[in-house]
Amino acid sequence: MDDPLIVVVLLLVAAAATAAVAVRDPARQALVLAVLGVCLALLFTVTQAPDVGLSQLAVGSAVTPLLIMLSVRKVRRRQKDGKGKAR
């Protein structure tokens, strides 16, 4: 009974990973990465590893995309101010 569910979740993970690679804008990539983190957490939960799924949910879909978004914001702010000169 679990096999069709695992296949569906694996397809979701593959689609989200492909979308993360295909998106060019770093801000959108962070959002797609959050979706990928949720899909991976679901995959871990379905494959009977709920502790790993909870860790993935916290880190992979919340903390990492947040840090990426903050970094992108800071880089764009520096470029806007003219302080981000090439070395």
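Quick note: structure is the one above.
Values in this document were obtained by computation on a predicted structure and should not be read as measured data.

The rules behind the values
- Residues numbered from 1 in each chain as written.
- Predicted model: local features only at pLDDT ≥ 70, side-chain atom pairs only at ≥ 80, totals over all residues.
- Heavy atoms only, no water.
- Helix = DSSP H or I, 4+ residues; strand = E, 2+ residues; numbered from the N terminus.
- Rg over C-alpha atoms; globule rule 2.2 N^0.38 Å.
- Buried < 20%, exposed > 50% of the residue type's maximum accessible area, 1.4 Å probe, protein only.
- Contact = heavy atoms within 4.5 Å.
- Areas by Shrake-Rupley, 256 points an atom, 1.4 Å probe, with all protein chains shown as cover.
- Lys, Arg positive; Asp, Glu negative; His and termini not counted.
- Charge placed at Lys NZ, Arg CZ, Asp CG, Glu CD.
- Patch = residues over 30% accessible without salt bridge, like charges linked within 9 Å, V, L, I, M, F, W, Y side chains within 5 Å.
- Salt bridge = Lys/Arg side-chain N within 4 Å of Asp/Glu carboxyl O.
- Core = buried A, V, L, I, M, F, W, Y, C linked by side-chain atoms within 4.5 Å.
- Axes fitted to C-alpha atoms, helices over the stretch in contact; angles between N-to-C directions.
- Parallel < 35°, antiparallel > 145°, perpendicular 65-115°, else oblique.
- Left-handed = near helix turned anticlockwise from the far one by under 90°.
- Expected span 1.5 Å × (residues − 1).
- Arc of directions from axis to C-beta.

## Overview of the overall build of the protein
Then, in step 1: Within the protein, the secondary structure is distributed over three helices and zero strands.
Then, in step 2: Counting from the amino terminus, the protein carries its helices and strands in the arrangement α-α-α.
Then, in step 3: In terms of overall dimensions, the protein is more spread out than a globule: its C-alpha atoms have a radius of gyration of 16 Å, far above the 12 Å expected for 87 residues.
Then, in step 4: For the protein, the spread of C-alpha atoms along the three principal axes comes to 60 × 25 × 15 Å.
Then, in step 5: Burial status across the protein gives 24% buried among its 87 residues.
Then, in step 6: If you take every contact in the protein between residues at least 6 apart in sequence, the share linking residues at least 24 apart comes to 55%.
Then, in step 7: With an accessible surface of roughly 6500 Å², the protein has 66% of that area assigned to carbon and sulfur atoms.
Then, in step 8: Across the protein, 11 positive and 5 negative side-chain charges occur, with their mean positions spaced 26 Å apart.

## Notes on a nonpolar patch on the surface
Then, in step 1: Side chains of V59, V63, L66, L67 and L70 sit close together on the surface and give an oily, nonpolar patch of about 450 Å² of accessible area.
Then, in step 2: Topologically, V59 is positioned in helix α3 (residues 50-81).

## Comments concerning the nonpolar core
Then, in step 1: Core analysis: the largest hydrophobic core is formed by seven residues, namely V9, V13, A16, L36, C39, L43 and V46.
Then, in step 2: Elements that contribute at least two residues to this core include exactly α1 (2-22) and α2 (26-46).
Then, in step 3: Sorting elements by how many residues they give to this core places α2 first, with four residues.
Then, in step 4: Each residue touching L43, except ones within four places of it in the same chain, is listed here: V9, L10 and V13.

## Regarding unusual backbone geometry
Then, in step 1: With phi around 65 degrees, Q48 is a residue other than glycine that occupies positive phi space.
Then, in step 2: Looking at Q48, the relative accessible area reads 66%, which means it is exposed.

## So, the packing of α1 against α2
Then, in step 1: Axis separation between α1 and α2 bottoms out at 9 Å; the angle between their running directions is 160 degrees. Relative to α2, the element α1 lies roughly antiparallel. As for how α1 packs across α2, the hand of that crossing is left-handed. Seen from α1, the contacting residues are L5, I6, V9, L10, L12, V13, A16, A17, A19 and A20; seen from α2, they are Q29, V32, L36, C39, L40, L42, L43 and V46.

## Description of α1
Then, in step 1: Its 21 residues place the ends of α1 30 Å apart at the C-alpha level, agreeing with the 30 Å of an ideal helix rising 1.5 Å per residue.
Then, in step 2: Buried within α1 we find V9, V13, A16 and A20. Angularly, the buried residues of α1 cover 70 degrees about the axis, an arc narrow enough to put them on a single face. The exposed set on the far side of α1, more than 90 degrees from its buried face, consists of D3, P4, L11, T18, V21 and A22.

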